[in-house]
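# Structural overview
Residue strings, one per chain:
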Amino acid sequence: MNDIIAVCPGSFDPVTVGHLDIIKRAAGMFSEVVVVVMQNRAKSPSFTVEERKEMLKAVTSDLPNVRVASFDGLLATYTKQIGAGAIVKGLRAMSDFEYEFQMALTNKKLNPNTETVFLTTRAENMYLSSSMVKQIGSMGGDISDFVPKSILDKVAKRLQSKSNT
Ligand code: PNS
């Protein structure tokens, strides 16, 4: 086990089984994993930062070396602040790669002490995204294969109520 603090950043709006798989695998590789809810300026979230943190805490409660945080600012500022040595990101397809590669290079430039580590998603999660979960859930579709069981009711109810307002 590496004695390195790793950060798993994302919007997590909401956390999916694909995110959780990456977090669990990171927890097996690094001594401490901080899952951090960040702002993606290109997206407008459906869940508040507090809601997203609560859901992440619920689904990672059995992982002793994982904690949940949020940060409003640059990821590189946060990694410097907590002394993180790694940023762990999941890669689903080649379509993710160009954007993730650009972010990894930028984060390395802004904080040379962190390395971005890409974990390839499991084949069954290749197509999965929070946006897809939100679209299916808001139209009353079954999201039980996409969202961790412990938060399924909360996510399903919240997405349906949002679509009725
Ligand atoms: O889950 P997402 O939306 O793909 O995560 C993207 C996220 C939030 C990790 C990214 O937008 C981010 O790092 N935002 C913080 C602001 C920042 O550091 N931007 C420059 C990175 S190149």
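Higher on the page you've got the structure.
A short tour of the structure in this document, coming up.

As a further point, take the pattern of salt bridges. Side chains that carry opposite charge are capable of pairing whenever their charged atoms lie near each other. This model, assessed by the stated rule, comprises 10 salt bridges. For Arg25, the salt bridge goes to Asp21, with nearest N and O atoms at 2.9 Å. Here Arg25 pairs with Asp21, and both are found in helix H1 (residues 17-27), just 4 residues apart, close to one helical turn. The closest approach of N and O atoms between Glu115 and Lys108, which form a salt bridge, is 2.9 Å. On the accessibility criterion, Glu115 (45% relative accessible area) is partly exposed. Taking the relative accessible area as the measure of exposure, Lys108 reaches 30% and is therefore partly exposed. Linked through salt bridges whose partners overlap, the residues forming this network are Asp13, Arg52 and Lys134.

This part takes up the packing of aromatic side chains. Under the criterion given, the structure shown has 4 aromatic pairs. Taking 6.4 Å as the distance between ring centres and 55° as the angle between the ring planes, the aromatic pair formed by Phe97 and Phe118 counts as tilted. Taken together, the positions of Phe97 in helix H4 (residues 94-110) and Phe118 in strand S5 (residues 115-120) put the pair 21 residues apart, joining distant regions of the chain. Assessed through its relative accessible area of 27%, Phe118 is described here as partly exposed.

Calculation rules
- Residues numbered from 1 in each chain as written.
- Predicted model: local features only at pLDDT ≥ 70, side-chain atom pairs only at ≥ 80, totals over all residues.
- Heavy atoms only, no water.
- Salt bridge = Lys/Arg side-chain N within 4 Å of Asp/Glu carboxyl O.
- Helix = DSSP H or I, 4+ residues; strand = E, 2+ residues; numbered from the N terminus.
- Buried < 20%, exposed > 50% of the residue type's maximum accessible area, 1.4 Å probe, protein only.
- Phe/Tyr/Trp six-rings, centres within 6.5 Å; stacked < 30°, edge-to-face > 60°.

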